[in-house]
Structure formats: structure tokens, C-alpha cells
Amino acid sequence: MVLLSRRFCLFLCAVLPVLSAAPARSLAAQLTPVITWRVPAPIVYGTPLSSTQLDATASVPGTFTYIPHAPTVLDAGTRKLSVTFTPSNTTDYKTVSDSVSLVIQLAPLTVTATSLTRLYDLPNPTLSFKMTGLKNGNPVSGAPLLSTAATASSPVAVYPIHIALGTLSSPNYKFVLVAGTLTINPATPLITWPPPAPIGYGTPLSATQLNAKASVSGTFVYSPPPGFLPPAGVQTLAAAFTPADSLDYSRVSASNQITVQSSPPSLNSSIQHVIVIMQENRSFDNLFNGFPGADTVQAGSSLGTSVALQPIPLEQGTDVDHSHIGWWRDWDKGAMDGFTHPHVTYPLPNFPYAYVPQSETVPIWTLAHAYTLGDRMFQSNTGQSFTAHQYMIAGQGAETSENPVASVKSPYWGCDALPDSRVALVGPNGTDLPGVYPCFDYQTLADELDAAHISWRYYAQKPGSGGYIWSAYDAINHIRYSSDWTNNVVSPNTQIFTDIQQGNLAQMTWVTPDFAWSDHGGVSASAEGPDWVADIANAVGQSKYWYSTVILVSWDDWGGWYDHVPPPQVDNMGLGFRVPLIVISPWARHGYISHRQHEFGSFLHMTEEVFNLPSLGTRDAISDDLSDCFNFDQIPHPYVQVPTTYPPSYFAGRIPSSQPPDDD
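A short tour of the structure in this document, coming up. (Residues numbered from 1 in each chain as written. Predicted model: local features only at pLDDT ≥ 70, side-chain atom pairs only at ≥ 80, totals over all residues. Heavy atoms only, no water.)

1. What about the state of the cysteines?
Okay, step 1: One pass over the structure, following the stated rule, counts 1 disulfide.
Okay, step 2: At a sulfur-sulfur separation of 1.9 Å, the disulfide partner of Cys 415 is Cys 439. The sign of the 80° torsion about the S-S bond sets the Cys 415-Cys 439 disulfide as right-handed. Taken together, the positions of Cys 415 in the loop between helix 6 (385-394) and strand 26 (423-426) and Cys 439 in the loop between strand 27 (432-436) and helix 7 (445-451) put the pair 24 residues apart, joining distant regions of the chain.
Okay, step 3: Here Cys 439 falls in the partly exposed class, since its relative accessible area comes to 22%. (Disulfide = S-S within 2.5 Å. Helix = DSSP H or I, 4+ residues; strand = E, 2+ residues; numbered from the N terminus. Buried < 20%, exposed > 50% of the residue type's maximum accessible area, 1.4 Å probe, protein only.)

2. Some details on the nonpolar core
Okay, step 1: One finds Val 274, Phe 288, Leu 367, Trp 456, Tyr 473, Trp 510 and Phe 630 to be the most contacted residues of the largest nonpolar core, which totals 102 residues.
Okay, step 2: The element best represented in this core is helix 11 (residues 529-541), accounting for 7 residues.
Okay, step 3: Counting 50 residues, the second-largest nonpolar core is a separate cluster that includes Val 83, Phe 85, Ile 199 and Ala 239. (Core = buried A, V, L, I, M, F, W, Y, C linked by side-chain atoms within 4.5 Å.)

3. Quick look at the packing of aromatic side chains
For any pair of aromatic rings, the description consists of the separation of the ring centres together with the inter-plane angle of the planes.
Okay, step 1: Scanning all chains against the criterion turns up 44 aromatic pairs.
Okay, step 2: With a centroid separation of 5.3 Å and an interplanar angle of 90°, the aromatic rings of Tyr 120 and Tyr 249 are classed as edge-to-face. Of this pair, Tyr 120 sits in the loop between strand 8 (116-119) and strand 9 (129-132) while Tyr 249 sits in the loop between strand 18 (233-243) and strand 19 (252-261); the two residues are 129 residues apart in sequence, bridging distant segments of the chain. In this pair, the class of Tyr 120 matches that of Tyr 249, namely buried.
Okay, step 3: Between Trp 558 and Phe 577 the ring centres are 5.3 Å apart and the planes differ by 75°, which places this aromatic pair in the edge-to-face class. Of the two residues, Trp 558 is situated in the loop between strand 31 (549-555) and strand 32 (581-584) and Phe 577 in the loop between strand 31 and strand 32; the sequence distance between them amounts to 19 residues.
Okay, step 4: By the ring-pair criterion, three or more aromatic residues cluster together here, those being Trp 327, Trp 328, Trp 331, Phe 339, Tyr 353, Trp 558, Tyr 562 and Phe 577. (Phe/Tyr/Trp six-rings, centres within 6.5 Å; stacked < 30°, edge-to-face > 60°.)

4. Notes on the environment of Thr 400
Okay, step 1: Along the polypeptide, Thr 400 turns up in the loop between helix 6 and strand 26.
Okay, step 2: With 365 residues separating them in the primary sequence, Thr 400 and Ile 35 have C-alpha atoms 115 Å apart.
Okay, step 3: For Thr 400, the residues in contact, after removing those within four places along its chain, are Phe 386, Thr 387, Val 423, Ala 424, Leu 425, Val 426, Phe 440 and Met 573.
Okay, step 4: Polar side-chain contacts of Thr 400 include one of 2.7 Å to the side chain of Thr 387. (Contact = heavy atoms within 4.5 Å. Polar contact = N/O pair within 3.5 Å; in protein donor to acceptor, adjacent residues only side chain to side chain.)

The following block contains the structure:
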């Protein structure tokens, strides 16, 4: 043990002097690396920092850390760049820092006034601008000031759009403002030229036909010119218009067509389109009460007692008994005094003794004043809608007296009716006999039209909706299950407006309503029916069809409402009570009240004469042809639009009614 300690002591004594003799560098003696970093060249705002600017070098190996680092984008101005150098040999070399200044120049931002064009005599469009040169999505605040000396009345020319700095500002951009131009081009004059009325062969053209008008002053040149005798047939007329202000308005042309008849105007030569609009459930005294020159009363008789007629609006939500049995009570063998209906509970005493306020019927009263109103138009049958619509298309109803009835209430009549559906037959003395299934095969006007290759359409609501029950051809088996149904029975009924506008009107047309605008009393009723009728007339009146069309407007039955005129009895089916008739046509007598007897068979008779069709041999054979409602010697005039509250687009946007209105 003593020997080992001595040997260890001898080792230390030999080594320690050697260790103490090695050199050691203190912190104070560390070397400072030499950093070289030239001042970078200026850059434009939006340029990211890169090795072009961050390019410091050192005299020894190591690592540079820059603040800010690449690829930072600095705002414009003089900005400080800093670097920290960490040498690889941190024993012998210090960590050092350095900095330089970098100039960030403003970036150019081009603000350009948008060049615009417009027509003469119109307001200037909104002046606008666009910017090009935005960097990194960095927006600017404010907007430039745009102006032009051009006004709506400035003549055709190119005008500068001036641009000033306005409220534009940004610390990073210099703005380059570029003016634009406003080009004013010549406007096109608006030419209106209503279709001229037909003329007879040998009639020279005159200002009556060559009567185009322009929205500005100028001169028309017509071809053929005034005084020309056009040949028979449909002839084209042309007009070239030169505006007086030829700098600001362009020349424009227009054309029209005129029918030159080889024979004098008549029902057969002048009418080429027939439209029947069938509304619902109104007597004449009810809907046209007080119409000047028409036969109406302000009081009726109830079993010998005078009852004043009371105002009941169209939208009143109560239906009135208008069954065949109810008709017999109302008629009372011609006494016309059974309308009180003691078997029915109504919201007011003597409820059926009523009239519709004139404030709700303005559109149809306007049409009646302008054209022909019939106050001796009678419903063909003595019952409800189903049979009435059959008389409208066929002049008969297979002796049916009521509406079809099934074990459950259904929106389907005719050949679509439920299997247990039955329609009663007319019995003696106001009774009903056991019924039959409401699907028949007798001949109709459509069969005659098909045989003569004359186009027809029947507009009704879609199957299952409330108005579908008035689709009369659904009860004619050979039409319901043929191509006629697919091609000629059209839903929705508002398609009539599109077909007129697009020049696709058939030669013979029937139009039935939706319940909501049918004039039918009951829940969900409205006062929209008069507008519906007037909208159809307006559509025809502003179309090319006006001078060749007659529109027959009527109501399918009396609806249970009082009327004072006893109907003539022509057979065991009728006639029924009075319903209104309006005849609308450029050939209809103006402001005329027809006191002659008419019925739905009159529509058939007139249509057969228009299209040279044979008689069906039903009611059409004993009905008149409405000839007293026309004057083919008068000069036909352009249609004057009737103001309405509800336009065609309103009806097209309505959801069809979901429930059938007639269940009594």
C-alpha cells in the first residue's frame, strides 16, 4: 500500500508540469470574423426579399440569420436589414451582427376609367374604373373621381371620361391615372304600327292602313305606296323611317300584314278564330245588375213577396243551391219566385237575391260597354256545370241533369270518374232519375273540326285540380282516349297566354278557369275572375289575331242566384236561366245590347257558319247564330287595353285549386 502511493505520486509529479505548459484561449482573446455586406440596390414594393438583398459574407465559415428573412415583402420606404453571423468555430470566433439599409420604392398602380357606350337620349351608365398592378392582394383605400361632360341630351360623339385622384391613398403605390371614353351611338326610333283591319279588294291603300308612328319626328316611306290597289289575300306592307335628326337617330324599317278580302266582310270571311271563355255560376241580374240599357231589376219576388237585391261580393264564401231540383224550385213554373231556398242555411236572409258590386266587375263591364252584351242569353240546361259544359261542346248532355256523384268526393268527372260515379238523368217535374256512368260517345264540335282539318284546343286545369272537372272533353270517350286528348286538351289553362303571344292560337278555342278565378261561389272564391277574362281579351287585342277573332264570354249556369226573366222552354232540358254574354271582336257592334234569344247552341251554330261545318243536329239546329251581335259594315278599330289588377303572370304563378267546387 505504501509502495503504490509512492508510485502514483511520482506519476503526478511527472505529468502536471506538462499539462500546465499547454496554451488556453480566453473569451477576451476570441477572434472577430469579418462580415462583408454591401448596401442592396433599391427594389420596388411587392418584391420579396431574396438572396439578392440578403447576401452578406463572412471571413470564416458559419451561418447567417436575417431579420426580416426571405421572402418577406416590406412596405415602401427605407428599411433596415439585420444579420447575425454564428461561426462554425465558436471557440475561436465570436458571433457577430451587422445591418444595412434597403430602399423600397413605390410600386406603380394603374387606375383606368372604364370605357363605355350608350345610345343617344339615354342616361349615362354608371362610371366605373379598374386597377392593374396590385401587389400581393394589398388593396388601396378610397376611390378615384370620375366625370364626363356628356349628358342624356349630348349628341352622338366620343366623350372623354376624366379621372382624378379623388380619395385614393396608399403608402406603397404611386398612382397612374388613365382616362376613358364614353361613346354615344345613334338611338333606334321606336316604331308602332298596329295590324290594319282587313279591306275589300279594290280598296286603295291610305293613311288608314299606312299609319305607322315613330317615337321621334321624321318621314315614312311606304311600300306599296298610298293609292296602291293590293291584290286579294294576305299582303305585306313595309315602311322605311328616316328620322329628322339623322345624327342622333338611325334609320329603321317595319313591316305589317293586311288581309285583302275578295268578298265583302262577313262572319265567314272576316272571322278566322273563335274563342269561348266559359266562367262559372252567375245569373244576368246578379253580375250585370244596373247595366245601362240592359234588362235588370233591383228587387225580386219570393213567393209573392218583394225582396230587394243585396250586394254580395264575388269572394263571399258561400255556394248557392244550383242543382236541377233547385232550378225547378227557383223557376216555380215561370213565376221566378222560389230563390229563397228554405231548405238551405245561408249567412243572410234571402241570400240568393243578390248582385255583385260594380266595383268588382269593372274589367268585364268595360268590355261590355265597348262591344256587345247579351241580356237574353240563356243557359241551355236546367242544372249544373257538368251538363252545361256538354252543351257548350255538343249541344246536348245525354239527358243528364246533375253533376256526377261518387261514394267519396272526387276531383274527377267524365271518363276519369271513380268506378261508382253516377250522373243523374232528368226526370219529370223537376225530379232526377237514377244515373249512368258519366262517359259518353256522342258527336261534338271537335269531331266536326277534326273532319274539316280545323285546329282546336281546350284549355283546362290539370287532372286532379279543382278546375279539371270543367274539362268537358273528359266525358267524351273517343276523345279522352285518343290523340285529340294529348294534342288538343291543354293544361295548365294559362298556356293560352303563351300560345297567343307565340302565334300559336288554334282556330277554335275553349278556355275554362281555375276555381279560384271562376266567379263560382264557395270557399276559396275570389274576385279575380273579371281580370282573368280581360287578360285573355287584352292578349288577343295586342296580337296579330285581333282583326280575325271573336271572343264569346259566358257563364255556364246561374249558380243559384236570382234572375227575373222566365226562360223559354224548348224541350225537357231547358232552357235554363239567363247568364251573361259578352261578344268581343272588332266586328262586334259597339256599345250594343242584344235582346235576342241566345244559348250555348248559338256558339255552336255561329262556329259552324264561320268554318263551313255541318250542323250537329242538336241544340245548334234550333239556336240562332249571334248575327245581330255583329256589324260587318263598320270600320274595325284597334283594341283598347282594359286595365286589370292581376296580369297573366299572376295567374300563371298561382297554384291550382285542390278541391272541386261543385258538390251539391
